[in-house]
Amino acid sequence: ILAAGEGQRCEGTKDKLLVEVAGKPVVYYSIIAFNDHPDIDNITLVVNKKNKVKINKLIKEFELKKVKKIILGGSSRQDSLGKGMEYLEKKINPKDIVVVHNAANPLPSINEISECINISIENGACIVGHFINSTIKEISQDKVLKTHDRENLFAAETPQAAQYGILKKALKNAVKEKLKVTDEAMLLEAIDQDISYIQADEHNF
């Protein structure tokens, strides 16, 4: 679970993950979705220096037993993923499924997590996302260049899952090619890995 971002798009607070909703911080809901899921064996949390203490306290307070390790992330999502994968290297088999989730998405459904895992076992990788309802324009400076066919557009969310060996290969390739990506699927696309997709729950954003 990636929780190392600074939450810069959230106005009025320094870290959106620690904003309380119904008495608990947002990150609690993200963690509990995986902690209580029967197909999840263990959770590695990737955090930053500013929120590590508070998140660690949260884990202990709510006895989130599946959280086995809390590590410091990097300056980007890609770097944080890499640090999490490094930690897992000696603890996981190539065919085991790694489910990567953005801690700022507090409401992934049980079915989304299950389907991502099951499809990744069969096909290697799977992501969730939303079909686009808006008309999408491509722009440049002060002009509209073109309209894209929204039937073929899909807004990616998390969880995003893949077999460990495949994701490791994709990360290695990104380092070699000096790629900068914004989600795990982009890493996998770069090595021509087939990626399945399922529709995200309406509350998962």
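Attention here is on the structure that accompanies the text. (Residues numbered from 1 in each chain as written. Predicted model: local features only at pLDDT ≥ 70, side-chain atom pairs only at ≥ 80, totals over all residues. Heavy atoms only, no water.)

Right, let's get into empty space enclosed by the protein. Going through the model one piece at a time under the given rule, you end up with 1 cavity of 30 Å³ or more. Here the largest cavity is characterised by a volume of approximately 40 Å³. Forming the boundary of the largest cavity are Val98, Val100, Cys126, Ile127, Gln160, Ala161, Ala162, Leu167, Glu184 and Leu188. Among the secondary structure elements, those contributing two or more residues to the lining of the largest cavity are β6 (97-100), β7 (125-131), β10 (154-163) and α6 (184-189). Per element, the largest residue contribution to the lining of the largest cavity is 3 residues, and it comes from β10. (1 Å grid on protein atoms, 1.4 Å probe; cavity = no way out; pocket = protein on both sides within 12 Å on 5 of 7 lines; lining within 4 Å. Points joined across faces, edges and corners; volume = space filled by probe spheres on them. Helix = DSSP H or I, 4+ residues; strand = E, 2+ residues; numbered from the N terminus.)

Moving on: the pattern of salt bridges. One pass over the structure, following the stated rule, counts 2 salt bridges. The salt bridge partner of Glu184 is Arg77, with a shortest N-O separation of 2.5 Å. Here Glu184 is found in helix α6, whereas its partner Arg77 is found in helix α3 (residues 77-88), with 107 residues between them in sequence. (Salt bridge = Lys/Arg side-chain N within 4 Å of Asp/Glu carboxyl O.)

This next bit is on helix α2 (residues 52-61). Of all the positions in α2, only Ile55, Leu58 and Ile59 are classed as buried. Down the axis of α2, the sector holding all buried residues measures 100°, keeping them to one side. Away from the buried face of α2 by more than 90 degrees, exposed residues Val53, Lys54, Lys57, Lys60 and Glu61 are located. (Buried < 20%, exposed > 50% of the residue type's maximum accessible area, 1.4 Å probe, protein only. Arc of directions from axis to C-beta.)

For the rest of this paragraph, the subject is the nonpolar core. One finds Ile31, Phe34, Ile43, Leu45, Ile59 and Val67 to be the most contacted residues of the largest nonpolar core, which totals 29 residues. Of all elements in the fold, only α1 (26-35), β4 (43-47), α2, β5 (67-72), α4 (110-123) and β7 reach the threshold of two or more residues within this core. For this core, the leading source of residues is α1, giving 6 residues. Other than its neighbours up to four places away in sequence, Val67 contacts Ile31, Asn35, Ile43, Leu45 and Ile59. (Core = buried A, V, L, I, M, F, W, Y, C linked by side-chain atoms within 4.5 Å. Contact = heavy atoms within 4.5 Å.)

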